[in-house]
Amino acid sequence: MPKWDDLDLSGFLASQSKMRLISYDEPEITLAGEYRCQARQEGHHAIDETYALTINFPPRYPEAIPTVIETGGRITRHQDFHTYENGAFCLGSDIRIRAIIRKNPRLTDFAEKVLDPFLYSVSCKIRYGEFPYGELAHGELGLIDDYEQLFGVRGKRAVLDVLNTLGRRKRVANKLPCPCACGRRLGRCDFRFQVEGWRKLAQLRWFRHHVKECFTPIEKVKNKKQKKRRRKKRR
């Protein structure tokens, strides 16, 4: 399995001696067993915990995000622990995770940069009753908070402007107002270079689907003329 050898499967298994390769189909693999998380963040508690996990690396990895499921029942399956009812982890916002694993595609990198930080935070929540960096928002609010930081913009509208830009062809997107609120078109602002980087993380239709599935539409502000016409009709 040359692909997975290149992505350091052997290194991952060497670092996690109780994890095993339980399913191998050329395009994808599934690992299962006891995963040990040893981590410490500056100014916070040290954690050394073991969890029973099943990790599926899909055929399109690292373009697609792995699925991690906790099977031992140690983590409460509730949004407060960022864990779905089936035991799968919500590892973070899709675009942030895609950006991390695209830049660091090795399986050992996924463990170090995505899985370990998640398990560290949840372990602190279980043991001490709180996340090390405060409670995280859920659902749409959580995505907006994370994408504000990732994109460097403020507010839901600006976040959606970036995502809608990513869902359009480049020549069309460059004619739109820049989401950074500079007042210029995207094609005339340096922000376009950041957009180009995010554009590489997924296909256009993925960004459009992400907006449709994860965000509620923003109601359009009615202008004064429309309001006056409606008042006259009511009279």
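A. Inspection of the pairing of strand β4 (residues 67-70) at higher detail. What you see with β4 is a clean split: Val68 and Glu70 sit on the buried side and Thr67 and Ile69 on the side with no burial. Pairing geometry for strand β3 (residues 46-57) and β4, over four bridges, is antiparallel. Of the residues in β4, the one forming a bridge with Leu53 is Glu70.

B. Representation of helix α3 (residues 94-103) in the model. Buried within α3 we find Ile95, Ile97, Arg98 and Ile101. All buried residues of α3 project into a common sector of 160° when viewed along the axis, lining one side. Where α3 is buried, its residues touch α4 (107-128), α5 (139-151), α6 (156-166) and α9 (204-214).

C. Region of interest: the confidence of the model for the protein. Put simply, the protein has an average pLDDT of 91, and 93% of its residues get 70 or more. Here helix α10 (residues 224-234) stands out as the least confident element of the protein, with mean pLDDT 58; β4 is the most confident, with 98.

D. Representation of the nonpolar core within the structure. Core analysis: the largest hydrophobic core is formed by 34 residues, its most contacted members being Phe110, Leu115 and Leu119. Broken down by secondary-structure element, the contributors of at least two residues to this core are α2 (9-15), β2 (28-40), β3, α3 and α4. Sort the elements by how many residues they give to this core and α4 lands first, with 10 residues. Not counting the four nearest positions on each side in its chain, Leu115 is found in contact with Tyr35, Leu53, Ile55, Val68, Phe89, Leu91 and Phe110. Grouped together as the second largest cluster of nonpolar side chains are 26 residues, Ile144, Leu186, Cys189 and Val211 included.

E. Structural detail: the pattern of salt bridges. Using the criterion set out here, one finds nine salt bridges in the structure. The closest approach of N and O atoms between Glu34 and Lys18, which form a salt bridge, is 3.8 Å. Taken together, the residues span a long stretch of sequence, with Glu34 in strand β2 and Lys18 in the loop between α2 and β1 (19-25) at a distance of 16 residues. Its relative accessible area of 40% is what places Glu34 among the partly exposed residues.

F. Main features of the environment of Leu204. By secondary structure assignment, the location of Leu204 is in helix α9. On the basis of relative accessibility, which here comes to 22%, the residue Leu204 falls in the partly exposed class. With 35 residues separating them along the chain, Leu204 and Arg169 place their C-alpha atoms 7.4 Å apart. Once residues lying within four places of it in the same chain are set aside, the contact partners of Leu204 are Leu166, Gly167, Arg168, Arg169 and Arg199.

G. Summary view of the pairing of β2. Across six bridges, β1 lies against β2 in antiparallel orientation. The residue of β2 that forms the bridge with Ser23 is Thr30. From the end of β1 to the start of β2, which pair antiparallel, there are two residues. Count of turn residues in the β2/β3 antiparallel hairpin: five residues, of which Gly43 carries a positive phi of about 85°.

H. Expanded view of the packing of α3 against α4. Contact geometry for α3 and α4: axes closest at 9 Å, N-to-C directions at 155°. With respect to α4, the axis of α3 lies roughly antiparallel. You can see that α3 and α4 cross each other, and the crossing is right-handed. Contacts from Ile97, Ile100 and Ile101 of α3 reach α4 at Phe110, Lys113 and Val114. Here the residues of the contact of α3 with α4 sort into five nonpolar, no polar and one charged.

I. Inspection of a positive patch on the surface at higher detail. A grouping of Arg60, Arg169, Arg171, Lys175, Arg185, Arg188, Arg205 and Arg208 is seen on the molecular surface, where their side chains present a positively charged patch. The topology assignment puts Arg185 in the loop between α7 (170-173) and α8 (191-199). Look at Arg185 and you get partly exposed, because its relative accessible area is 39%.

J. A look at the environment of Pro59. Looking at the secondary structure, you find Pro59 in the loop between β3 and β4. Distance in space between the C-alpha atoms of Pro59 and Pro27 is 4.4 Å, their sequence separation being 32 residues. The residues touching Pro59, leaving out its near neighbours within four places in the chain, are Lys3, Pro27 and Glu28.

Conventions adopted
Residues numbered from 1 in each chain as written. Predicted model: local features only at pLDDT ≥ 70, side-chain atom pairs only at ≥ 80, totals over all residues. Heavy atoms only, no water. Buried < 20%, exposed > 50% of the residue type's maximum accessible area, 1.4 Å probe, protein only. Helix = DSSP H or I, 4+ residues; strand = E, 2+ residues; numbered from the N terminus. Pairing = 2+ DSSP bridges. Arc of directions from axis to C-beta. Contact = heavy atoms within 4.5 Å. pLDDT = per-residue confidence, 0-100. Core = buried A, V, L, I, M, F, W, Y, C linked by side-chain atoms within 4.5 Å. Salt bridge = Lys/Arg side-chain N within 4 Å of Asp/Glu carboxyl O. Axes fitted to C-alpha atoms, helices over the stretch in contact; angles between N-to-C directions. Parallel < 35°, antiparallel > 145°, perpendicular 65-115°, else oblique. Left-handed = near helix turned anticlockwise from the far one by under 90°. Nonpolar A, V, L, I, M, F, W, Y, C, P; charged D, E, K, R; others polar. Patch = residues over 30% accessible without salt bridge, like charges linked within 9 Å, V, L, I, M, F, W, Y side chains within 5 Å. Areas by Shrake-Rupley, 256 points an atom, 1.4 Å probe, with all protein chains shown as cover. Lys, Arg positive; Asp, Glu negative; His and termini not counted. Charge placed at Lys NZ, Arg CZ, Asp CG, Glu CD.

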